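# Chains, contacts and geometry: an overview
Spelled out, the chains give:
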Amino acid sequence: MTATKTAVPAPPAKAEIRALDFFYGTKQALKSVSMSVPDRKVTALIGPSGCGKTTLLRCFNRMHDLYPGNRYQGSIVLQPHGIDILAKDVDPIEIRMRINMVFQKPNPFPKSIFENVVYGLRVRGISNRSELEGKAEKALRDAALWDEVKDRLHGNAYDLSGGQQQRLCLGRALATDPEMLLFDEPTSALDPIATSRIEELVKELKSRVTILIVTHNMQQAARISDITGFMYMGELIETGPTEKIFTTPDDRRTQDYVTGRFG
Amino acid sequence: MNEALRRRLRRAKAFDKAFGVMGLLLTAAAIVCLGALLWDLAKDGLAIIDLSFLSSFPSRNAGKAGILSAWVGSLLVLFVTACSAVPLGVAAGVYLEEYAPKNKLTTLIEINIANLAGVPSIVYGLLALGVFVYRLGLGPSVQTAGLTLALLILPMVIITTREAIRAIPQSIREAAYAVGATKWQVTRDHVVPYSMGGIITGVIIGLSRAFGETAPLITVGALTFIAFLPPAPVTPAAPFVNFDWLRSPFTVLPIQMFNWVSRPQAAFHLNAAAAGLVLMGLALSMNAVGIAVRYRHRKRIRW
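## Concerning the overall build of chain B
Scanning chain B from terminus to terminus reveals 11 helices and zero strands. Overall, chain B shows an N-to-C arrangement of helices and strands of α-α-α-α-α-α-α-α-α-α-α. For 303 residues, the compact-globule estimate of 2.2 N^0.38 gives 19 Å, and the C-alpha radius of gyration of chain B, at 24 Å, exceeds that figure by more than 25%. Considering chain B as a whole, with its 303 residues, one finds that 37% of them fall into the buried category.

So this is what it looks like as structure tokens:
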């Protein structure tokens, strides 16, 4: 898998957003968003606060279904098999088994480190001790946390630092081998060192899993993403190779945002 | 800083201090009252409490009278109350917080539960007399008493369960849903375990209230003089358990106390004080268990 940032042929899409509208009650938060999320690449969503990037991200695992009054229109087609994530007859739980998420604030369960990592497996009915242990170790290694916690797997997750907690949450998301990972500003609560560790992990992981990341931090998008989408007031203004968005965007508003003229 | 501002600050600080002192005095007054009450009971009753007081039936002779049937009755009634109110109350609380849609009907139910918590206990007694004793034919028995008190504390259990559940951050639920958990898995693995401290505290406070209730039990026909114990719940022969005690007549500690207080002889008043002391001791130790559980739980769960 190469990570070249060229504009030429469009890589195969993992997911295709088609004319997506989203409503919180009567308030429209997304307006006719269409975009392709390429397979096993890092796609970043940038834009000022309240522009709808987190809303868009949370459509991918149907998180909005947890709250009453939310409504989708349009579709997100997930490959392979071309299932429409947003279709009424698609079970959101099935989608969440394929697409995992790392949240803005680290949110480990108040349980042991081990129980945190294996929770997704337990939910899937796996209870074989050695299988759980093997997968927990692998997930924690993938999340670059194993060496720090291997001697206290049964200690409380809240004894970890914020950065470690966030990597634990990443491990929890990786343990079930997701096809796609959603990151919702995963480093906004972390210090610069913890941030750079998460960014390294994102870059390593993209050979295995499609990554969609929402970030406030434009430098972060520039550092880690292959594709960037700029959102503004519920609309996807422009999307393209990260380099192009940050150097020669087509739209005036994108230009203004990435050069720091607003936002 | 100019003089006027400095004067203002001094006044504000003086007020701070005055409020602190006043708070301390009021708290002290409450504790002194409780202490005086205990001392008053202990002065009369402590000398009477011994093994034979705890293991004797009531008697016409004040010196021989004991509280055996009363404390056994209290414990059995409380057991029935706990067995019925806790599962029902916790399930209702979980349902209302996690499952119920937010609509007019659930709002109406919520308001009603809050109001039920304020209904005088004697009213529950009347309800129980009509429904349990007569309509369902349960008679003036341990099961009737237990169910009556269960009704009484049910709103309390539901309300504390809901508050404990509401204290769980939404981000924890989202974390569980995000890895593919169903609502039931989220409830079983996260919501209930994390709110257990609050739930247990609520249950124990509810039970200690039920423990001291008198009026509704008199209404459903508790006896004031009972010189035998209900059949033992555990038997030496198969099937080893016996539910006959549920249908047995009963009395409880506060009723025994009330009975003794209403006698003319002073010796019985001393017995009442001793029974009061036992009642207080048990209620306070139940509260202590509640506090200990909450403390342990808070230490274990942080976010």
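## Examining the nonpolar core
Counting 140 residues, the largest nonpolar core has Ile76(A), Val77(B), Ile153(B), Val157(B), Leu253(B) and Ala275(B) as the members making the most contacts within it. Counting residues per element, this core draws most heavily on helix α6 (residues 142–166) of chain B, which supplies 15 residues. In this view, Ile76(A) contacts Ala15(A), Ile17(A), Leu20(A), Cys59(A), Phe60(A), Asp84(A), Ile85(A) and Leu86(A); residues no more than four positions away in its chain are not counted.

## Concerning the domain arrangement of chain B
All names here are of chain B. Partitioning chain B into domains gives domain 1 (3–46) and domain 2 (49–300). In this structure, domain 1 and domain 2 have C-alpha centres spaced 34 Å apart. Split by residue class, the side of domain 1 that touches domain 2 holds four nonpolar, one polar and one charged.

## Let's talk about helix α1 (residues 53–60) of chain A
All names here are of chain A. Taking burial as the measure, the eight residues of α1 include seven buried ones, the bulk of the element. Along α1, the residues classified as buried are Lys53, Thr54, Thr55, Leu56, Arg58, Cys59 and Phe60. Following α1 by one or two positions, Arg62 has its phi on the positive side, about 55°.

## What to know about unusual backbone geometry
All names here are of chain A. The residue after Gln79, namely Pro80, is reached through a cis peptide bond having omega -10°. Here Pro80 shows up in the loop between β4 (70–78) and β5 (83–84). In this structure, Arg62 is a non-glycine residue whose phi angle is positive, near 55°. By the element assignment, Arg62 lies in the loop between α1 and β4. Its 22 C-beta neighbours within 10 Å are what place Arg62 among the buried residues. In this structure, Met233 is a non-glycine residue whose phi angle is positive, near 50°. Looking at the secondary structure, you find Met233 in the loop between β9 (227–232) and β10 (235–241).

## Digging into the sheet that holds β9(A)
Residues and elements named next belong to chain A. The mixed open sheet is built from six strands, whose spatial order is β6-β7-β8-β3-β9-β10. Only two strands of the sheet have a single neighbouring strand rather than two, namely β6 (99–102) and β10. Within this sheet the neighbouring strands show an average axis-to-axis angle of 20°, counted without direction. Strand direction decides the pairing type here: β6 and strand β7 (residues 180–184), joined by four bridges, are parallel. Paired with Asn100 across the bridge in β7 is Leu181.

## Side note on the interface of chain B and chain A
With 19 residues of chain B at the interface, the matching set in chain A holds 20 residues. Elements with a contribution of two residues or more to the side of chain B that touches chain A: α7 (170–178) and α8 (183–212) of chain B. Each residue belonging to the side of chain B that touches chain A can be placed in one class, and the counts come to 11 nonpolar, five polar and three charged.

## Section: the confidence of the model for chain B
Low-pLDDT stretches of the model should not have their predicted coordinates read in fine detail. The predicted model of chain B averages 90 in pLDDT, with 100% of residues at 70 or higher. Interface confidence for the predicted complex, expressed as ipTM, amounts to 0.92; the pTM equals 0.85.

## A closer look at the environment of Asn115(B)
Along the chain, Asn115(B) falls in helix α4 (residues 104–116). A residue is classified by how many C-beta atoms lie within 10 Å of it, and Asn115(B), with 10 of them, is exposed.

## Focus: the pairing of β9(A)
Consecutive side chains along a regular strand alternate between the two faces of the sheet. All names here are of chain A. Most of β9 sits out of view: six of its six residues are buried. Neither face of β9 is exposed, since Ile227, Gly229 and Met231 on one face and Thr228, Phe230 and Tyr232 on the opposite face are all buried. Two strands pair when backbone bridges link them, and strand β3 (residues 42–46) and β9 are joined in this way by four bridges, in the parallel orientation. Paired with Ile46 across the strands is Phe230, a residue of β9. Strand direction decides the pairing type here: β9 and β10, joined by six bridges, are antiparallel. Along β10, the bridge assignment pairs Thr228 with Gly240. The loop that links β9 with its antiparallel partner β10 comprises two residues; one of these, Met233, has a positive phi angle of about 50°.

## A short note on helix α1 (residues 3–45) of chain B
The terminal C-alpha atoms of α1(B) lie 62 Å apart, and with 43 residues this matches the ideal 63 Å at 1.5 Å per residue to within 8%. Of all 43 residues in α1(B), two are buried; the element is thus mostly exposed.

## Side note on the packing of α7(B) against α8(B)
All names here are of chain B. Interaxial distance between α7 and α8 falls to 10 Å at its minimum, and their mutual angle equals 140°. The angle between the axes of α7 and α8 places the two elements in the oblique class. Between α7 and α8 lies a crossing of right-handed hand. Between α7 and α8, the contacting residues are Ile172, Arg173, Ala176 and Tyr177 on the first element and Val186, Asp189 and His190 on the second. In the contact of α7 with α8, the residues fall into four nonpolar, one polar and two charged.

Definitions and limits used
- Residues numbered from 1 in each chain as written.
- Chains lettered and ligands numbered in written order.
- Predicted model: local features only at pLDDT ≥ 70, side-chain atom pairs only at ≥ 80, totals over all residues.
- Helix = DSSP H or I, 4+ residues; strand = E, 2+ residues; numbered from the N terminus.
- Rg over C-alpha atoms; globule rule 2.2 N^0.38 Å.
- Buried ≥ 20, exposed ≤ 12 C-beta atoms within 10 Å, placed from the backbone.
- Core = buried A, V, L, I, M, F, W, Y, C linked by C-beta atoms within 7 Å.
- Contact = placed C-beta atoms within 7 Å.
- Domains from an automatic or database assignment.
- Nonpolar A, V, L, I, M, F, W, Y, C, P; charged D, E, K, R; others polar.
- Pairing = 2+ DSSP bridges.
- Axes fitted to C-alpha atoms, helices over the stretch in contact; angles between N-to-C directions.
- pLDDT = per-residue confidence, 0-100.
- Expected span 1.5 Å × (residues − 1).
- Parallel < 35°, antiparallel > 145°, perpendicular 65-115°, else oblique.
- Left-handed = near helix turned anticlockwise from the far one by under 90°.

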